[in-house]
Amino acid sequence: MESVGGRVTLCNARGVTPTLAVVLVGEDPASEVYVRNKGKKAAQLGIATRDHRLPDATTTEALLAVVATLNADPEVDGILVQLPLPGHVDEQAVLLAVDPAKDVDGFHPANLGRLVIGSPVFIPCTPQGCMLLLESAGVDPAGKRALVIGRSTIVGKPVAQLLVAAHATVTIAHSRTVDLPAEVARAEIVIAAVGRPRFVQGEWLAQGATVIDVGINRLPTGKLCGDVAFDSARERVGAITPVPGGVGPMTIACLMGNVVLAAERRAKIV
Ligand code: NAD
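Values in this document were obtained by computation on a predicted structure and should not be read as measured data. (Residues numbered from 1 in each chain as written. Predicted model: local features only at pLDDT ≥ 70, side-chain atom pairs only at ≥ 80, totals over all residues. Heavy atoms only, no water.)

### Quick notes on the nonpolar core
Logical step 1: Among the nonpolar cores identified, the biggest contains 21 residues, and C130, L134, L163, I191, I212 and V214 are the most heavily contacted of them.
Logical step 2: When residues of this core are traced back to their parent elements, those giving at least two are helix 6 (125-136), strand 4 (145-149), helix 7 (156-165) and strand 6 (189-192).
Logical step 3: Not counting chain neighbours up to four residues away, the residues in contact with L163 comprise M131, L134, P141, A146, V148, A168, V170 and I191.
Logical step 4: Counting 19 residues, the second largest nonpolar core, distinct from the first, contains V8, L80, L255 and V259. (Core = buried A, V, L, I, M, F, W, Y, C linked by side-chain atoms within 4.5 Å. Buried < 20%, exposed > 50% of the residue type's maximum accessible area, 1.4 Å probe, protein only. Helix = DSSP H or I, 4+ residues; strand = E, 2+ residues; numbered from the N terminus. Contact = heavy atoms within 4.5 Å.)

In structure tokens form, the structure reads like this:
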């Protein structure tokens, strides 16, 4: 398969520069870091970015107007509205306003619906990254028992859908799951997307399990850690992704892949 950089060159040859518009509202420090990292990666790959930094007080209407302008701009391939939005903004209305053909995050209900029927326009970046990490570890989900911990719309539910599509037998655990350690013990693949530091204990895991740790948690010391107790887990598992590293950088790589896919569609390459 052609690398993302190679695909950018092919777009350029047809007069198309893959372009990502990033909309950041307010001054959430974590969002600032994510947006900066995405901008750096885009620049390395020859993807243009257009930053739209809006003040915290921006209204839903003003944000919808920005999205409408970006939807109408033929040179913008992808639109990324960095979440979370400030509490007073109607997040659903904003996500719904993004043109599904430019929704490189894959969060629009039309795109999530198409994921369920098996013909996605864009696969959400973090779930896509989880599947690529499994593939790179040589783990084929077909016929395996997979446990997804977390049922969010941006990670848990779509990754469970992708695992089903890859023929795994999938369980989704969440805050009301009664005996999580027993669920974890049965799983050959564990995807942890809870948002609680070192919540999944190494002793819960089956010998040889494959663990994808999506969690990004900041400890009081300032250090980042995942949802899985890495040190005790690594004694038992076949493979585990680290935090930081692992899913985070893979998510950004998948975002770039989605922007280039949108540009390839504009350039009529695909
Ligand atoms: P979320 O808060 O929307 O969802 C958390 C889920 O965990 C919920 O569905 C909830 O039911 C479940 N949960 C809570 N307590 C539980 C318990 N005791 N037992 C079992 N399940 C429980 O979070 P999210 O947006 O899905 O993110 C999850 C984590 O992944 C966070 O740490 C977030 O920072 C991280 N994340 C990382 C990336 C990345 O690029 N690596 C991307 C998105 C999210």
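### Regarding the packing of aromatic side chains
Logical step 1: One pass over the full model with this rule turns up one aromatic pair.
Logical step 2: Here F199 and W204 contribute two aromatic rings whose centre-to-centre distance is 6.1 Å and whose plane-to-plane angle is 85 degrees, an arrangement assigned as edge-to-face.
Logical step 3: The side chain of R196 reaches across the aromatic face of F199, ending 5.4 Å from its centre. (Phe/Tyr/Trp six-rings, centres within 6.5 Å; stacked < 30°, edge-to-face > 60°. Lys NZ or Arg CZ within 6 Å of the ring centre and 35° of its normal.)

### Let's talk about empty space enclosed by the protein
Logical step 1: The tally for this structure, following the rule as stated, stands at one cavity of 30 Å³ or more.
Logical step 2: Residue lining of the largest cavity: I79, L80, V81, L95, V98, D103, D105, F107 and H108, and that is the complete set.
Logical step 3: For the lining of the largest cavity, the leading source of residues is strand 3 (residues 78-81), giving three residues.
Logical step 4: Considered class by class, the residues forming the lining of the largest cavity number six nonpolar, one polar and two charged. (1 Å grid on protein atoms, 1.4 Å probe; cavity = no way out; pocket = protein on both sides within 12 Å on 5 of 7 lines; lining within 4 Å. Points joined across faces, edges and corners; volume = space filled by probe spheres on them. Nonpolar A, V, L, I, M, F, W, Y, C, P; charged D, E, K, R; others polar.)

### Describing unusual backbone geometry
Logical step 1: Note the cis peptide between L83 and P84, where omega equals 0 degrees.
Logical step 2: Following V243, the chain continues to P244 via a peptide bond in cis, the omega torsion being 0 degrees.
Logical step 3: Relative to the helices and strands, P244 is located in the loop between strand 10 (239-240) and helix 10 (247-266).
Logical step 4: A positive phi is found at H167, a non-glycine position, where the angle reads about 75 degrees.
Logical step 5: Within the element layout of this structure, H167 appears in the loop between helix 7 and strand 5 (169-173).

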